[in-house]
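Next come the chains, spelled out residue by residue.
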Amino acid sequence: MCSDPPDDLASEFARLVAELGRERASQIWLDRFAGYDEGQT
């Protein structure tokens, strides 16, 4: 699976912020990438 272009990641993060607020979106984003990193090593 190829990774998303940065513009797509930025727009996805912006959508999360709009829906959930910056603090909650940041936590989800960090959790998502922490899990991704663990699964890809």
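Residues numbered from 1 in each chain as written. Predicted model: local features only at pLDDT ≥ 70, side-chain atom pairs only at ≥ 80, totals over all residues. Heavy atoms only, no water.

**Looking at the overall build of the protein chain**
Link 1 in the chain: From N to C terminus, the protein chain includes two helices and zero strands.
Link 2 in the chain: A buried classification covers 10% of the 41 residues belonging to the protein chain.
Link 3 in the chain: Of the accessible surface of the protein chain, which amounts to about 3500 Å², a share of 54% is contributed by carbon and sulfur atoms. (Helix = DSSP H or I, 4+ residues; strand = E, 2+ residues; numbered from the N terminus. Buried < 20%, exposed > 50% of the residue type's maximum accessible area, 1.4 Å probe, protein only. Areas by Shrake-Rupley, 256 points an atom, 1.4 Å probe, with all protein chains shown as cover.)

**Concerning the pattern of salt bridges**
Link 1 in the chain: Scanning the model with the defined rule gives three salt bridges in all.
Link 2 in the chain: Glutamate 12 is the partner of arginine 32 in a salt bridge, and the nearest nitrogen-oxygen pair spans 3.8 Å. With arginine 32 in helix 2 (residues 22-40) and glutamate 12 in helix 1 (residues 6-20), this pair connects stretches of sequence that are 20 residues apart.
Link 3 in the chain: A salt bridge links arginine 15 to glutamate 19; the shortest N-O distance between them is 2.9 Å. (Salt bridge = Lys/Arg side-chain N within 4 Å of Asp/Glu carboxyl O.)

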